[in-house]
Amino acid sequence: MGNPVFDTFDEVSGRGLESFISGLPKAELHVHHVGSASPRIVSELASRHADSRVPRDPQALAEYFTFTDFAHFVEVYLSVVDLIRTPEDVRLLTYEVARDLGRQQVRYAELTITPFFSVEGGINDIEFMKAIEDARVSAESDFGVVLRWCFDIPGQIGMHAAEETTRLATDDRVRPAGLVSFGLGGPEIGVSRPQFKPFFDRALAAGLHSVPHAGETTGPETVWDALRSLRAERIGHGTNAFRDPALMTYLAEHRVPLEVCPTSNIATRAVGSINEHPIKEFYRAGLVVTINSDDPPMFGTDLNREYAVSARLLDLDEQGVATLAKNAVEASFLDRPGKERIVAEIDEYLTAWLAGK
């Protein structure tokens, strides 16, 4: 499946960084559970559920995952969500996503999960949580990938989805051990952030962190709403924050990290072209920039490629790329010993790489 931004890794890097990036230890903070299903996984799930309109042929998925706009992306995304119908489907997806992350030297990932669709679709809530937790424990043992969860509200569904997602995230009888944060996803246009304040208040009171999507397809005011009403600690995308100098200053001064997903923004038409991407403005303004893949197979990308795209846009060398990797670790909700361990591994890797040049 081709990348909509660049066709080859050499074109992306332009500086021979591909090998360095491939071996670099990383953390990923903005990657969706269902959206990370590789063509192989989607094909297997589609074969299990023959009534689905999702193609079973991995090659046909390339065309299926070509989006006309953000609304079309959501439509296709939900058709893949519909393939997750049993606890076994959930476990397979989660474990195989972790395998793909491990191949990219991802040491830690916060996987965004929208449990509402699966539970509403008939999977028992406790069985759903057992499936993701079993996959999490096995993935750490088998692949060395530490997984944590962000449960997000599908905002377009409304208050019922918000109430149910909050219940799943805060009820101690259901809430999984790996859950660390609470988010808000789906289309932004016509879905105001402030209406979800009561649900975020409950999630934060239960000890979760606030990580809503904001400013991806709407303007800076949505980011302000996320900060003021939802007490956002990180911003998912924040693509249009650059349009408000005061917001840029606030984000820089308060060190609010942005979860930047360059290829995603081009694939969903949130940004017109890669050279227009505001990551350059964010970087120059001193914002905390983290690099993420969002829904990688759907966009023909992965985290390594997103680092390479970002390195090209920002004209970074190995030191600069390593700094981006450490940004993600520091912006994560991993405990301090865990952060220190991965940062030390990044530093050791960089030192060895430079010594071998």
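This is a predicted model, so every value here is computed, not measured. (Residues numbered from 1 in each chain as written. Predicted model: local features only at pLDDT ≥ 70, side-chain atom pairs only at ≥ 80, totals over all residues. Heavy atoms only, no water.)

Peer 1: Would you mind showing me how to read the pattern of salt bridges here?
Peer 2: Side-chain pairs of opposite charge can arise whenever the charged atoms involved come near each other. Inspection of every chain in the model, using the stated rule, returns 23 salt bridges. One salt bridge in this structure joins Arg107 and Glu345, with 2.6 Å as the shortest N-O distance. Of the two residues, Arg107 is situated in strand E2 (residues 106-113) and Glu345 in helix H17 (residues 336-355); the sequence distance between them amounts to 238 residues. Salt-bridge contacts for Arg136 lead to Glu133; the nearest nitrogen and oxygen are separated by 2.6 Å. Taken together, the positions of Arg136 and Glu133, both in helix H8 (residues 125-143) and 3 residues apart, correspond to about one turn of that helix. (Salt bridge = Lys/Arg side-chain N within 4 Å of Asp/Glu carboxyl O. Helix = DSSP H or I, 4+ residues; strand = E, 2+ residues; numbered from the N terminus.)

Peer 1: What am I meant to see in the layout of surface pockets here?
Peer 2: Empty space within the largest pocket amounts to approximately 300 Å³. Taken together, the elements giving at least two residues each to the lining of the largest pocket come down to strand E1 (26-32) and helix H6 (87-103). Ranked by the residues each element gives to the lining of the largest pocket, the list is headed by H6, at 4 residues. Its residues placed into classes, the lining of the largest pocket shows 8 nonpolar, 6 polar and 4 charged. (1 Å grid on protein atoms, 1.4 Å probe; cavity = no way out; pocket = protein on both sides within 12 Å on 5 of 7 lines; lining within 4 Å. Points joined across faces, edges and corners; volume = space filled by probe spheres on them. Nonpolar A, V, L, I, M, F, W, Y, C, P; charged D, E, K, R; others polar.)

Peer 1: Where do I start with the pairing of strand E3 (residues 146-154) in this structure?
Peer 2: One face of the sheet, then the other: side chains in a regular strand alternate in exactly this way. Extensive coverage of E3 is indicated by the burial of 8 of its 9 residues. Strand direction decides the pairing type here: E2 and E3, joined by 6 bridges, are parallel. If you follow Ala109 over to E3, its bridge partner there is Leu147. Inspection of the sheet shows E3 paired to strand E4 (residues 179-185) by 6 bridges, in the parallel sense. Looking across to E4, one finds that Asp152 is bridged to Gly183. Remark: the E3/helix H9 (residues 159-170)/E4 crossover connection has right-handed handedness. (Buried < 20%, exposed > 50% of the residue type's maximum accessible area, 1.4 Å probe, protein only. Pairing = 2+ DSSP bridges. Right-handed = clockwise from strand over helix to strand, strands pointing away.)

Peer 1: Explain the sheet that holds strand E8 (residues 258-260) here, please?
Peer 2: What holds strands together in a sheet is hydrogen bonding between their backbones, with the strands either parallel or antiparallel. Spatially, E6-E7-E8-E9 is the arrangement adopted by the 4 strands of the open sheet, whose pairing is parallel. Looking along the sheet, the strands with just one partner apiece sit at the ends: strand E6 (213-214) and strand E9 (289-291).

Peer 1: It is not clear to me how empty space enclosed by the protein should be interpreted in this structure. Could you clarify?
Peer 2: A water-sized probe, rolled over the atoms, reveals where empty space remains. According to the stated counting rule, one finds 3 cavities of 30 Å³ or more in the structure shown. Put simply, the largest cavity is a space of about 240 Å³. Around the largest cavity, the lining is made up of 21 residues, and of these His32, Phe73, Tyr77, Gly185 and Gly186 lie nearest the centre. Looking at the lining of the largest cavity, the elements with two or more residues in it are helix H5 (70-81) and E3. Ranked by residue count, the leading element in the lining of the largest cavity is H5, at 5 residues. Its residues placed into classes, the lining of the largest cavity shows 8 nonpolar, 9 polar and 4 charged. The calculated volume of the second largest cavity comes to roughly 90 Å³. Along its surface, the second largest cavity is lined by His33, Val34, Tyr77, Val81, Ile84, Thr112, Ile113, Thr114, Pro115, Phe117, Ser118 and Phe128. Sort the elements by how many residues they give to the lining of the second largest cavity and helix H7 (residues 115-120) lands first, with 3 residues.

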